[in-house]
Amino acid sequence: MKSLNLLLFATIFLFAKCSALGINARIIGGIETTLYQMPWQVSLVKGFERYDVLCGGSIIGTNWILTAAHCTYGYPISIFTVRVGSSHWAYGGKTVQIKRKIEHEKYNKLALADFDFTLLELAEPLQFTDAVQPIALPNYHTLVHVRDVCLISGWGQMENTGPSADILRATNISIFDHKVCKQQYALSITNSMICAGTEIGEKGLCFGDSGGPLSCKFNDIPVLIGVSSKTIGGAGDKCGHTGISSIFANVLHARHWIRTLTGI
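Since the structure is predicted, the reported quantities are computational estimates derived from the model, not experimental observations.

Rules and cut-offs
- Every residue gets a number counted from 1 within its own chain, in the order that chain's sequence is written.
- In view of the model being predicted, local features appear only for residues whose pLDDT reaches at least 70, and side-chain atom pairs are presented and counted only at 80 or more, with totals across whole chains, interfaces and linings using the full set of residues.
- Note that the side-chain values use all heavy atoms of the structure and ignore hydrogens as well as water.
- Geometry of aromatic contacts follows a simple scheme: Phe, Tyr and Trp rings, the Trp one being its six-membered ring, pair when their centres are within 6.5 Å, and the pair is stacked under 30 degrees between planes, edge-to-face over 60, tilted otherwise.
- Note on conventions: DSSP H or I runs of at least 4 residues are helices, E runs of at least 2 residues are strands, and numbering of each starts at the N terminus.
- Burial classes: relative accessible area under 20% of the type maximum marks a residue as buried, over 50% as exposed, and values in between as partly exposed (1.4 Å probe, protein chains only).
- Sulfur atoms of two cysteines make up a disulfide when they are within 2.5 Å.

Draft legend 1. Representation of the packing of aromatic side chains. In total, this model carries three aromatic pairs according to the counting rule given. On the numbers, 5.7 Å between centres and 55° between planes, the contact of Y73 with Y107 is tilted. Of the two residues, Y73 is situated in the loop between α2 (69-72) and β5 (80-84) and Y107 in the loop between β7 (98-103) and β8 (118-122); the sequence distance between them amounts to 34 residues. Using a relative accessible area of 14% as the deciding quantity, one classes Y107 as buried. Summarising the aromatic geometry, the rings of Y75 and F80 are spaced 5.8 Å apart at their centres and angled 75° between planes, so their arrangement reads as edge-to-face. Looking at Y75, the relative accessible area reads 32%, which means it is partly exposed.

See the structure below:
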């Protein structure tokens, strides 16, 4: 219970710290954080002799990671490794092999990629520590509303067309009305997506943040509301620009699918 209370305090502090940073806070050059503040975050890396950060993901159980389908679609699981328990994507913590991947059957790889979810079953169970913990999943009592402030994190680009971050970064963004996204994206925005961004300053996703968590607090407990899916400009063109929205796969719309496959 003591470690749980410390975890909740650290997470609440991070949300407050992000809010206090104002216009300079963003994953693109935002604030560095640690796995002790968000121990559900993992990095999904690919390669053999040379590793590259591909995407992020979230621990949802001892054997399960939730990430984005566009991160895994078309790739054999043999090229992936999941790193847990480290704020650095390239070293530290522990690397775990993947037993199988399950992309959502409704995933549409074209355009905006509806139902952009992949479950990764790990080859061995995780040992939970202060830096390795699952994040709570949503239910019908954990609904977000326009202007709610939530948290995103990842190792994506720190500047438009710039390098990826070596150390995990995080920032807060606000939930947008779907009408905002529909004005910015040529294709339709569905109910299985969440639209979020910033109205002041520059905050948001960039290349390499895909698959990572959009977490929102309910009764001071972080809940995995969305999976990072897409931003205008892809690899850097308009990452984090004021008023530019990012798209997240709505975890609530995949809740039954997750429970059926994982028992969680």
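Draft legend 2. Looking closely at the state of the cysteines. One pass over the full model with this rule turns up three disulfides. The disulfide partner of C55 is C71, and the gap between their sulfur atoms is 2.0 Å. Sign of the S-S torsion, about -90° for the bond between C55 and C71, identifies this disulfide as left-handed. Of this pair, C55 sits in strand β3 (residues 52-61) while C71 sits in helix α2; the two residues are 16 residues apart in sequence, bridging distant segments of the chain. Each member of the pair, C55 as well as C71, carries the same accessibility label: buried. The disulfide that involves C150 links it to C216, with 2.0 Å between the sulfurs. Between C150 and C216, the disulfide has an S-S torsion of 105° and is therefore right-handed. With C150 in strand β9 (residues 149-154) and C216 in strand β12 (residues 213-218), this pair connects stretches of sequence that are 66 residues apart. Considered together, C150 and C216 belong to a single accessibility category, that of buried residues.

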